[in-house]
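Here is how the chains run, residue by residue.
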Number of protein chains: 2
Amino acid sequence: MNEKIRIGIAGYGNLGRGVEAVLTQAPDMELIAVFTRRDPAGLRLQDTGVPVHGMETIADFTTAIDVLILCGGSRTDLPEQGPALAALFNTVDSYDTHAKIPDHFAAVDAAARRSGHTAAISVGWDPGLFSLHRLFGESILPDGVSYTFWGKGISQGHSDALRRVPGVQAAVQYTIPAAEAIERVRSGLRPALTTRERHTRSCYVVLTPGADAAAVEQAIVTMPDYFAGYDTSVNFITAGKLQRDHAAMPHGGVVIRSGTTGSGTSQTMEFSLRLDSNPEFTSSVLVAYARAVYRLSRQGDHGAKTVFDIAPGLLSPKSAADLRKALL
Amino acid sequence: MNEKIRIGIAGYGNLGRGVEAVLTQAPDMELIAVFTRRDPAGLRLQDTGVPVHGMETIADFTTAIDVLILCGGSRTDLPEQGPALAALFNTVDSYDTHAKIPDHFAAVDAAARRSGHTAAISVGWDPGLFSLHRLFGESILPDGVSYTFWGKGISQGHSDALRRVPGVQAAVQYTIPAAEAIERVRSGLRPALTTRERHTRSCYVVLTPGADAAAVEQAIVTMPDYFAGYDTSVNFITAGKLQRDHAAMPHGGVVIRSGTTGSGTSQTMEFSLRLDSNPEFTSSVLVAYARAVYRLSRQGDHGAKTVFDIAPGLLSPKSAADLRKALL
């Protein structure tokens, strides 16, 4: 490797810190700078001593950075930053609002094509690797059913919903795949399963002083959209215990394709993840796809891309010949 | 879909029959003809009434067929047919002699480039989907170890070895992944495991009349390269029972990447297959990649390709926009 791929990080939350950590494992890449909307002077990096700059100066770095990894959130950051930064850089983002992906793709694609950049959107594990396995499943076994189970892992949206319940001081919610449902799918029965039947919900709640535990529990388990209809458990714990036992961010899940070939032959494909850190794994996927984006950009293959559009070999630092020899 | 992709099958053994069966599930593809080195008049097709032609006439069909799926064996058929037929057609093959893949790639690539064709080689599940997962594993989790376990499934090479033992009339051998070894890998311990420690071998043997069972068993379990050093069980059964219980061709296996991110965070990726018919599943993969080959060829992207070189979205009959909307 003669020249390293020069990486920038835009946004320094859990994901930005994850990318910083993961880049130390990539010998063909080099972190150039971190960009933040906070005061750069107040930001201490975790693993490296690269410069931190204000986001408003980022346009000064277009020639210094090969690929910018966008580490903002999907709700407000990425819809704006995605197109704006794809006009200046090759980018990778983890945009994960499934319903709005077509809009995000169109906006980023237009900006990237106009400016001659390559921009991978919705990279991570879901959307991302799980999407790929839904695709492999239905493309290879067209007569079949795909199932996605998530967890065990913390759902940020459901944790936020818990915190809005009167009497709740702090809380986290774990989404847990229903073991029995997974076994039914694995057995090839192709059961019809709603999201509710595929998952249970486990809540760890710290009450505000004087709150009525029974009323809080009732408010949680009957909350429409979030908990009503689910098998939900509510566990009241102390703030200390929440801090000690529930600060990690594990996650995971499984995509199963249960299909039939020929005259009723059962065939099953399964892809699963067990992650001790959701943000660090998502960062690992972002970094591998940043390598692919760099190469596509060098080939003049511009515009927005998803994991569906990117040949897997581009993710590896190895040459195509080495991959054929070592891994095929 | 206006025009269907016109498919030819070269070779009509287990794999050819599997491709024929699987094509009936692909609404965007049409089987045009089967080519055989046997007497075409004597070949009865299983699922369809398409014409059967002698392999020596195949050059007459270059304009009638968009993609030819090569269903011959890796030992003698594909090394010769791969380059010869890539000079005439877009092709897909399942060449699986791992050590000789670079040579096969070079020969097919030269023929395909010279003639302006696209040729996917070594497509199936190993090499193929398992190779992809070894690639995803080490690209996304560079600090880690990859493990491939095969089975439970029949190994043709080991079954052939059994049949060469004096006193054996007929036999099959199942390769079985060692459950305990898989659990150690899943636990994140990253054990050092040889192929022998990852698998056990289970043999079902029909003796020739008068053969000495103890001597046959001894000859099997001590056979160098094939069984010596493995945990091998030998079961003597009748010819009727072999026929009844061991004629199916199940297989499967699992690829596990056990990796670490950041400061010692454990992350595990796992891909597994449980196949009731190995040839029908391999055929399913070949057919999906035939679709990709057709598209690459139309894009003018010629030469030999492997699963590493092919963007996953090309496997699906859906458009890129539909895939983003439905599966991402």
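Residues numbered from 1 in each chain as written. Chains lettered and ligands numbered in written order. Predicted model: local features only at pLDDT ≥ 70, side-chain atom pairs only at ≥ 80, totals over all residues. Heavy atoms only, no water.

Draft legend 1. Highlighting helix α5 (residues 156-163) of chain A. All names here are of chain A. Within α5, burial applies to His158, Ser159, Ala161 and Leu162. The buried side chains of α5 occupy one side of the element, clustering within an arc of 155 degrees when seen end-on. Those residues of α5 hidden inside the fold are in contact with β8 (153-154), β9 (168-177), β10 (199-207) and α8 (213-221). (Buried < 20%, exposed > 50% of the residue type's maximum accessible area, 1.4 Å probe, protein only. Helix = DSSP H or I, 4+ residues; strand = E, 2+ residues; numbered from the N terminus. Arc of directions from axis to C-beta. Contact = heavy atoms within 4.5 Å.)

Draft legend 2. View of the packing of helix α1 (residues 14-23) of chain B against helix α10 (residues 278-298) of chain B. Residue and element names in this part refer to chain B. Two elements in contact, α1 and α10, have axes separated by 8 Å at closest approach and are oriented at 60 degrees. The orientation of α1 relative to α10 falls into the category oblique. Considering the relative orientation of α1 and α10, their crossing is right-handed. Of the residues in α10, those in contact with Asn14, Leu15, Gly18, Val19, Val22 and Leu23 of α1 are Pro279, Glu280, Thr282, Ser283, Ser284, Leu286 and Val287. Residue classes in the contact of α1 with α10 are distributed as 7 nonpolar, 5 polar and 1 charged. (Axes fitted to C-alpha atoms, helices over the stretch in contact; angles between N-to-C directions. Parallel < 35°, antiparallel > 145°, perpendicular 65-115°, else oblique. Left-handed = near helix turned anticlockwise from the far one by under 90°. Nonpolar A, V, L, I, M, F, W, Y, C, P; charged D, E, K, R; others polar.)

Draft legend 3. The arrangement of the relation of the copies chain B and chain A in detail. With an RMSD of 0.0 Å, the operation that places chain B on chain A is a rotation of 180 degrees combined with a shift of 0.0 Å along the axis. The superposition operator between the copies reduces to a two-fold rotation axis. (Least-squares fit on C-alpha atoms with pLDDT ≥ 70 in both.)

Draft legend 4. Structural view of the packing of aromatic side chains. One pass over the structure, following the stated rule, counts 8 aromatic pairs over all chains. Aromatic pair Trp125 of chain A and Phe130 of chain A: ring centres 5.2 Å apart, planes at 75 degrees, arrangement edge-to-face. Centre to centre, the rings of Phe130 of chain B and Phe271 of chain B are 6.0 Å apart; their planes meet at 80 degrees, and the pair counts as edge-to-face. With Phe130 of chain B in helix α4 (residues 129-140) and Phe271 of chain B in strand β13 (residues 265-275), the pair connects residues that are 141 residues apart, well separated along the chain. Note on accessibility: Phe130 of chain B and Phe271 of chain B belong to one class, buried. (Phe/Tyr/Trp six-rings, centres within 6.5 Å; stacked < 30°, edge-to-face > 60°.)

Draft legend 5. Examining the packing of helix α10 (residues 278-298) of chain A against α4 of chain B more closely. Put simply, α10 of chain A and α4 of chain B touch, their axes get as near as 9 Å, and they point 105 degrees apart. Between α10 of chain A and α4 of chain B, the angle falls in the class roughly perpendicular. Across the interface between the two elements, Phe281, Ser284, Val285, Ala288, Tyr289 and Arg291 of chain A of α10 of chain A pack against Phe136, Ser139 and Ile140 of chain B of α4 of chain B. Each residue belonging to the contact of α10 of chain A with α4 of chain B can be placed in one class, and the counts come to 6 nonpolar, 2 polar and 1 charged.

Draft legend 6. Just the pattern of salt bridges, in detail. Counting across every chain of the model gives 28 salt bridges over all chains. Residues Asp109 of chain A and Arg113 of chain A are paired through a salt bridge, measuring 3.0 Å at the closest nitrogen-oxygen approach. Separated by 4 residues within a single helix, Asp109 of chain A and Arg113 of chain A lie in helix α3 (residues 101-115), roughly one turn from each other. Classification of Asp109 of chain A by relative accessible area gives buried; the value is 14%. Arg186 of chain A serves as the salt-bridge partner of Glu183 of chain A, at 3.0 Å between the closest nitrogen and oxygen. Here Glu183 of chain A pairs with Arg186 of chain A, and both are found in helix α6 (residues 179-186), just 3 residues apart, close to one helical turn. Several salt bridges share partner residues, and in doing so they unite Glu183, Arg186 and Glu270 of chain A together with Arg274 of chain B into one network. (Salt bridge = Lys/Arg side-chain N within 4 Å of Asp/Glu carboxyl O.)

Draft legend 7. Representation of unusual backbone geometry in the model. All names here are of chain A. Note the cis peptide between Asp126 and Pro127, where omega equals 5 degrees. Topologically, Pro127 is positioned in the loop between β6 (118-120) and α4 (129-140). Residues other than glycine seldom take positive phi values, yet Ser122 does so here, at roughly 60 degrees. Relative to the elements of secondary structure, Ser122 occurs in the loop between β6 and α4.

Draft legend 8. How the structure looks around the environment of Asp143 of chain A. Following the sequence through the fold, Asp143 of chain A ends up in the loop between α4 and β7 (144-150). In this structure Asp143 of chain A comes out as partly exposed when scored by relative accessible area, which is 33%. Excluding residues that lie within four positions of it along the chain, Asp143 of chain A makes contacts with Arg190, Arg257, Ser258, Gly259 and Thr260 of chain A together with Gln25 of chain B.

This is a description of form; function is not addressed.
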